[in-house]
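Descriptive structure summary
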Amino acid sequence: MRRLIFFLRLLNRFSVRNLRTRPWHVLAVVFGIALGAAVFTSVRLAVDASMDSFTRTMDLLSGEADFTVVRSGGRLSEDLAARLWSHPAVETASPIITSYVTVSGREDEPFLMIGLDPILDYPLRSWQIAPSSGDVSRIWLRIVTSPKTLLLSPRLARQLGLFPGHEVTLEHVNQVSRFQVAGVLEDQGLSLVEGGYVAIADLSTMQEFTGLQGWVDRIDLRLRPGATRKDIEDLRTLMPPGVRLEAPTEARESGRIMIQAYQLNLSMLSFVSLFVGMFLVYSLVSLNAASRRRELAILRSIGASSRMIFALVLSEGLILGLVGWLMAIPIGSLLVTYLVRGVSSTVNNLFVRVRVETLILDPWEILLSFAVTVLVAFIASSRPAFLATRIAPRESLMMHAAAAGATRHPYPWPLFGLVLIGLSWPLAKLPGLPGFPAAGYVAILFLVLGFSLLCTPVLRWIGTSFPPLLRRLAGEPAFLAARYVRDAGNRTAISVGALVTAMALFVALVIMVHSFRHTVSLWVYQTLAGDFFLRPKMAGINLYQDPLPPKAVEALQQVEGVDLMPYRHFELRHGKVPFEFEAVPFDLLLQHARFLLLHGNMDEIRPALIKGDGVLVSQVFMNQTGLGVGHRFKVELGPVSLDLPILGVFRDYRTRGGIVYADFRRFQELTGDLEWSGVRFFFREPPQDLKQATDRLRAQLLKGLAAEHPVEMISGAALRKEIMDIFDQTFAVTTVLLLIALTVAGLGITTTLTVLVLERIRQLNTLAAVGAGSGQIRAMIFWEALLMVITGEAVGLLCGFLMAHLLIDVINLQSFGWTFLYVVDWKALLVSLPLILATALVAALPAVRLVLKSSPAMVLKEH
Amino acid sequence: MPNPSVNPLILAQGLTRIYPLGSTEVVGVENIDLRIDAGELVVLKGNSGSGKSTLLALLGGLDLPTGGALRVAGQDLQKATPKELNEYRRKVVGMIFQTFNLLPTLTVMENACLPALLAGRPYEEVEKKALEWLGWLHLTSRLSHYPGQLSGGEMQRTAIVRALINEPAIILADEPTGNLDSRNGQAVIELLAELNRRFGRTVILATHSTLADHCATLFLCLRDGRITEARGCDA
C-alpha cells in the first residue's frame, strides 16, 4: 500500500505535472481518444436500441407460447385452432391476426393492430386495461361482444389524441372502417410492442375489418406441463399440408441475426476512429519520454527500477485514455441522439421493422467502451514505456539529453509487412461466422498493418532517392526535409501509419459505396423496370399477406394503353432463411427488364423461364441456402408444392433475404391461386412526357379504383429515386464515421509534427544560427509534412484499392450475401486527395508556430 | 548592409542583456563597453554564468540586447530587422559550438555546405569551396560519413568548415574544445589561430581552457556579466 501511494505521488509529480506543461497537445490527444470512444459507444448503443425495440416486440408478441402454427405464404383456417385446443397436451391455442393499419386522413406512421381471442389468449400474453378508462370489466366485455371496438396503448392514444368513447377511422388493405375506442391499456405487456404504438381488438372484429372471416395469421400454443416429445410429434401430424409447427423465436432469430450483423459491421467501422486515436496516445507518450530522457536516467541513477519506469510511462498513457473516455461521455450523449435516428431508420428500411422510442444505457456497453479505450491506451503506451526502460542511468551525466535517434530496426518489419499483406487474401477466403465475416476483418487488419509497416522503407526510399531532385526544384529546405524524414524512423512511421489506416479506409469505402451505388443503380433501372407500380396499401409492411381484391383486379384490367404485369408475392422461409417468392409473367418482364446474371445465360434460359420450366434465384438466396444453378427449388405454398430447377442466379439488392422468381402463368396453373399481389404498368407507346402520362394514369386509378380499395401507387421513376435515396441515407452514417476517423488521423499528424519539432528544437535553432531564415525553416517543416502525407496517401491509396476488394468480395458477401461490380469513382478520389493533402498541411501549422517561438540563442552552452 | 572592412569591426557601448525569469530578472551581461578591431584573436574568459555565451549570442546575432548599443561590421544589431539579422548571420559571422551541433541526417559534405546553400549559392560552387576547406582540415576521406560515424575532433573540424563556408569576417567559438580530449582540443585551437593569422579572420573564442592563451591578441575576463579585465597581448 505504501509503495502504491509512493508510486501515485511520483506519477503526479513526474508525469501529471509534465502533462500540464503541454495543455494543447494533451487536449488534442484526449479529444482524439474521446471522439473515437464516443463514436464506438454511441454506434453500439444506437444499434442496441433498434435491437431492443425489435426483440422486445417479438418477445411480447410471442408471449408465453411454446409453439406457433404458421402456413408458408398463407393463412390458417380458424377451425385448426379448435382441433389443436382439443389435444390433451395443449393448454391453450390462441389464434391471432396482426396487421399494420393507418388512421384515415392522417400522415402518421402505420401502427400494429392485433386481433385476438381475449379468453384463449389470456394465458399467453399480458395486457391490462387501465382503470382510468372506466369500469374495466365492462370495457373488457364490450371488446368481446361489440364489433368495431378496440383498445389503444397509452402512447398511441396520446399521439392520436383519442380517449375512451372517441371514434377513429382506420384503413386497411381491403377496407376503411370506423372504430370506437373502448379503453386505453396500461403501459405494460403487449402495449409496449412496436415502441408502444399498438391497438388490440377482438379476433372477430379484426377478421371483419380485414375481410378474413374464418382465417387467422397464426395459432400460438401453450402446452400443459409434462407434455412430451411424443405429444409434439403428435401435434405435427395434425398439421394440414403446408402448415408447420415451429418455435415462436424463429422469426425473432432471423431478424436478430440481421441486426446483429449490421451492428458488428458498424462497430468495426467505428472502432477505426479509436484505433487511429491510439497513434495519438503513442505520439504524446513517446514525446514525453523522449524529452525527459535525462530525467528518466536520473531516476534510474538514484534507484528507480526498470519496472517502475515502465509503470510510470505506461500510466501516463492510461491517464490519457481514462480522461479521454470520461470526455467521451458528453460527446457520446450528443452523438447517440443523431445516430439513433439514422441507425433505426436504416434498420427499418433494410432489415426489420423497428420503432425506437427509448434509449437504454446498457452498463455492459459502457463497460465495453471503457475496456476497449483503456486497452487501446495500454497498447499505445507499452512500446514507449518499454523503450524508456532501456535508458541507461549514465545518461544522467550527459550535458544534453542524448537524442532518441532513429532506431535501427532489429527486426525486418518491412518483410513482416509484406508477409501480412500476402496472407490477407487467403485468410479472407476462410468461412466466416453467420453474418459476421470474422476472417475478413482480420484480413483487413493484416492488410492495414502490413501496409503501415511498409511506411518506413517508403519514407527511407523517398529520403534517399529524392533529395537532389527536391533541392533543384524547391531548394535546401526540401532537401533537409527529405533527409530528416528518411532518418526519423518509427517516430514518423507510426503517425504515417495512422494516416495510411484512415486513408485506406476512406479510399476503400469511396470505392465500395460507389461500386455499390453503381450496381444498385443498374439493378434498379434494369431489373425494377416499370412505368408505374400499384399494390395494396401497406402491402410491404404487411408482408404482402393481403392480395388486391377481385373487384380491384377487374378495374385494373379495364385500363387502356398499358401492358399490365401482375405479380404474386409471398414472404417465405427456406429452413430458417427468410426469402421472397414472386411469380411474374416472364414473357412480359423480359421484354422490359434485364437481370444482372451471375450464373446462367439469358438467351439460353429465356424459353424455359417463359414456359415456366424453371426459376431464377438471387445471389443472396444462393449464398444463404447453398442452392444455385443445377439445384432444384422446392417450396410448399399451402397445399401445393412447387419443385422447379434453378436456371440462373442474378444480382439483387433487396435486403430482407433473397428472392426467387417463377413464371406467373405456371404458378397459377400449379397452385390454382389467381390472385394478384400487385401490378406493374408499362405504357404500350412510349409517352412524350412520361411524368404527365404517369400523373394521368394515377388520376384515372384514383378515380376508379382507389376510392373503394386503399392502394399504394408510385411511378417507376419515383420508386427508383426512393430506393436510391434510401441507399444514400444508409451510407450517411458510414460517411460520418469515416470523416471522424480522418479527423482523428489529422490530429495525429499535427501531434506528430509537433513532437518532431520539439525533439529537434536544438537542430532547428542551429539552422537559424547558421543562416536559415524563418521562411526556410517553415518551408522545411511543411515539406516534412508534405512528404509524410504524400507517403500516407500513396500507401493508403494502394491499401485502399485492395481493401475495397476485400470489402466487396468478402465482407459484403459474408455479411449480406451479395457482391457487386468493382467500379472506381476516380472523380471523387481525384478531388478528395488534394483536399486531404491540404488539410494535412494545415495540420502542420501548430508545429511551424512552435519552432519559431524559441530563440536561436538556446544553441549556446549556457542557455 | 554589413561592411566587414570597417574599423573597429566590433563596437559595443553599455551593452546589456537582461532575461526576465518569472518575477525576477537574470543579468546576462551588463554595461559592456568593447572595441575589437579586424584581425584580432580574442579570448573570453570567465566561470560558468559569467556571461561569455550571452556575449557571443549577442555578437552572433542570435539574441538582441535589452540596453546599450552594438555595432558589428558597421551594422547596428539592436535596430536590425529579423531579415537583416539573418543576412548578418549568413555573411558576417560563422559559429562554432561546444557540442558541434551538426545535423545528424546530413553527411560531412552536406553539413559543411549547408549555410552556403541556405544563402542560395549554386551547389557546384559551394561544393568546390567545401572540398577545399575539408581538404585543408584533413577530412577528405570522411566526406560521405555521418556525424555518428566521426570522432569528436572530426566533428569539430566539420563544424569549423561549416562556419567558414560563407567566408565570414568573424568566427565565434563557444567552448570549442569543451567536448574534446586535450590532443584534439589543441588541434582545434591551432586551426583557429591559423584562421586568424593566415586568413585574417577575426576570432572570438570563449573558453575555460588555457590552450588559446598563447595565441590571443586580446583577453577579456568576465564576471557576473561585466568585463573585469581587458588586456591586449602580443600573440
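Since the model is a prediction, treat every value here as computed from it, not as a measurement. (Residues numbered from 1 in each chain as written. Chains lettered and ligands numbered in written order. Predicted model: local features only at pLDDT ≥ 70, side-chain atom pairs only at ≥ 80, totals over all residues. Heavy atoms only, no water.)

Helix and strand content of chain B: six helices and 10 strands. For a compact globule of 235 residues, the expected C-alpha radius of gyration is about 18 Å, and chain B comes in at 17 Å, within 12% of that figure. Viewed in the frame of its principal axes, chain B has a C-alpha envelope of about 50 × 40 × 40 Å. Here chain B holds 235 residues, and the buried ones make up 57% of them. When contacts within chain B are restricted to residue pairs at least 6 apart in sequence, long-range pairs at least 24 apart make up 70% of them. Accessible surface, chain B: about 9600 Å² in total, of which carbon and sulfur atoms supply 49%. Counting 23 positive and 25 negative side-chain charges, chain B places the averaged centre of each group 2 Å from the other. (Helix = DSSP H or I, 4+ residues; strand = E, 2+ residues; numbered from the N terminus. Rg over C-alpha atoms; globule rule 2.2 N^0.38 Å. Buried < 20%, exposed > 50% of the residue type's maximum accessible area, 1.4 Å probe, protein only. Contact = heavy atoms within 4.5 Å. Areas by Shrake-Rupley, 256 points an atom, 1.4 Å probe, with all protein chains shown as cover. Lys, Arg positive; Asp, Glu negative; His and termini not counted. Charge placed at Lys NZ, Arg CZ, Asp CG, Glu CD.)

A separate point is the environment of B:Asn7. Residue position: B:Asn7 is located in the segment before strand E1 (10-21). B:Asn7 has contacts with B:Asp37 and B:Ala38, leaving out every residue within four places of it along the chain.

In this section: a positive patch on the surface. The grouping of A:Arg9, A:Arg13, A:Arg17 and A:Arg20 at the surface amounts to a positive patch. Following the sequence through the fold, A:Arg9 ends up in helix H1 (residues 2-20). (Patch = residues over 30% accessible without salt bridge, like charges linked within 9 Å, V, L, I, M, F, W, Y side chains within 5 Å. Salt bridge = Lys/Arg side-chain N within 4 Å of Asp/Glu carboxyl O.)

Attention now goes to empty space enclosed by the protein. Tallying each qualifying case throughout the model produces five cavities of 30 Å³ or more. Its boundaries defined by the atoms lining it, the largest cavity holds a volume of some 90 Å³. Around the largest cavity, the lining residues are A:Ala769, A:Val770, B:Arg89, B:Arg90, B:Val93, B:Gly94, B:Met95, B:Pro115, B:Arg162, B:Ala163, B:Ile165 and B:Asn166. Among the elements of the structure, helix H2 (82-91), strand E6 (93-96) and helix H5 (152-164) of chain B are those that each provide at least two residues to the lining of the largest cavity. Per-element tally for the lining of the largest cavity: the top contributor is E6(B), with three residues. Class assignment of the residues belonging to the lining of the largest cavity gives a composition of seven nonpolar, two polar and three charged. (1 Å grid on protein atoms, 1.4 Å probe; cavity = no way out; pocket = protein on both sides within 12 Å on 5 of 7 lines; lining within 4 Å. Points joined across faces, edges and corners; volume = space filled by probe spheres on them. Nonpolar A, V, L, I, M, F, W, Y, C, P; charged D, E, K, R; others polar.)

For sheets, the rule is that strands pair by backbone hydrogen bonds, running either parallel or antiparallel. All names here are of chain B. Taken in spatial order, the four strands of this open sheet run E2-E1-E4-E5, and their pairing is antiparallel. The strands lining the two open edges of the sheet, one partner per strand, are strand E2 (24-36) and strand E5 (75-76). Running at roughly 115° to E1, helix H1 (residues 52-59) makes contact with E1, E2 and strand E4 (67-72) of the sheet. (Pairing = 2+ DSSP bridges. Axes fitted to C-alpha atoms, helices over the stretch in contact; angles between N-to-C directions.)

The interface is formed by 28 residues belonging to chain A together with 36 residues belonging to chain B. Overall, the association of chain A and chain B removes approximately 2700 Å² of surface from exposure, summing both partners, and the carbon and sulfur fraction of that is 59%. Remark: the boundary between chain A and chain B carries one salt bridge. Seen at the junction of chain A and chain B, the total is nine residue pairs in polar contact (both at pLDDT 80 or more). Taken together, the elements giving at least two residues each to the side of chain A that touches chain B come down to helix H17 (476-487) and helix H26 (761-769) of chain A. A per-element tally of the side of chain A that touches chain B places H17(A) first, with seven residues. Of the residues contributing to the side of chain A that touches chain B, the split by class is 12 nonpolar, eight polar and eight charged. (Buried area = accessible area lost by both parts, 1.4 Å probe. Polar contact = N/O pair within 3.5 Å; in protein donor to acceptor, adjacent residues only side chain to side chain.)

Residues and elements named next belong to chain A. Contact geometry for H17 and helix H27 (residues 774-816): axes closest at 8 Å, N-to-C directions at 45°. When the axes of H17 and H27 are compared, the pair comes out oblique. Of the two elements, H17 crosses H27, and the hand of that crossing is right-handed. Within the contact between the two elements, H17 uses Pro 477, Ala 478, Leu 480, Ala 481, Ala 482, Tyr 484 and Val 485 and H27 uses Gln 776, Ala 779, Met 780, Trp 783, Glu 784, Leu 787 and Met 788. When grouped by side-chain class, the residues that make up the contact of H17 with H27 number 12 nonpolar, one polar and one charged. (Parallel < 35°, antiparallel > 145°, perpendicular 65-115°, else oblique. Left-handed = near helix turned anticlockwise from the far one by under 90°.)

Looking now at the pairing of strand E10 (residues 218-223) of chain A. All names here are of chain A. Among the six residues of E10, five are classified as buried, and the element is accordingly described as predominantly covered. Of the strand pairs in this sheet, strand E1 (residues 67-71) and E10 are connected by three bridges, and their pairing is antiparallel. Of the residues in E10, the one forming a bridge with Phe 67 is Leu 221. The pairing of strand E3 (residues 90-103) with E10 spans six bridges and is classified as antiparallel. Residue pairing in the sheet places Val 90 in a bridge with Leu 223 of E10.

Mapped onto the fold, B:Asn101 is located in the loop between E6 and helix H3 (108-118). With 54 residues separating them along the chain, B:Asn101 and B:Met155 place their C-alpha atoms 9.0 Å apart.

All names here are of chain B. If you check the backbone angles, Asn 101 has positive phi at about 55° while not being a glycine. Judged by its relative accessible area of 8%, Asn 101 falls in the buried class. Backbone geometry at Asp 224 places phi at a positive 50°, although glycine is not the residue there. Within the element layout of this structure, Asp 224 appears in the loop between strand E9 (218-223) and strand E10 (226-232).

Residues and elements named next belong to chain A. Among the surface-exposed residues, Met 1, Leu 4, Ile 5 and Leu 8 lie close enough to one another that they form a single nonpolar patch of about 430 Å² accessible area. Along the chain, Leu 4 turns up in helix H1. We classify Leu 4 as partly exposed; its relative accessible area is 46%.

Residues and elements named next belong to chain B. Taken together, six strands build an open sheet; the order of strands is E6-E7-E8-E3-E9-E10 and the sheet is mixed. Every interior strand has two partners, whereas the edge strands, E6 and E10, have only one. Direction aside, the axes of adjacent strands within the sheet are offset by 15° on average. Where strand E3 (residues 41-45) meets E9, four bridges bridge the pair, whose relative direction is parallel.

Honestly, that's just the spatial picture; any functional story needs more than this.
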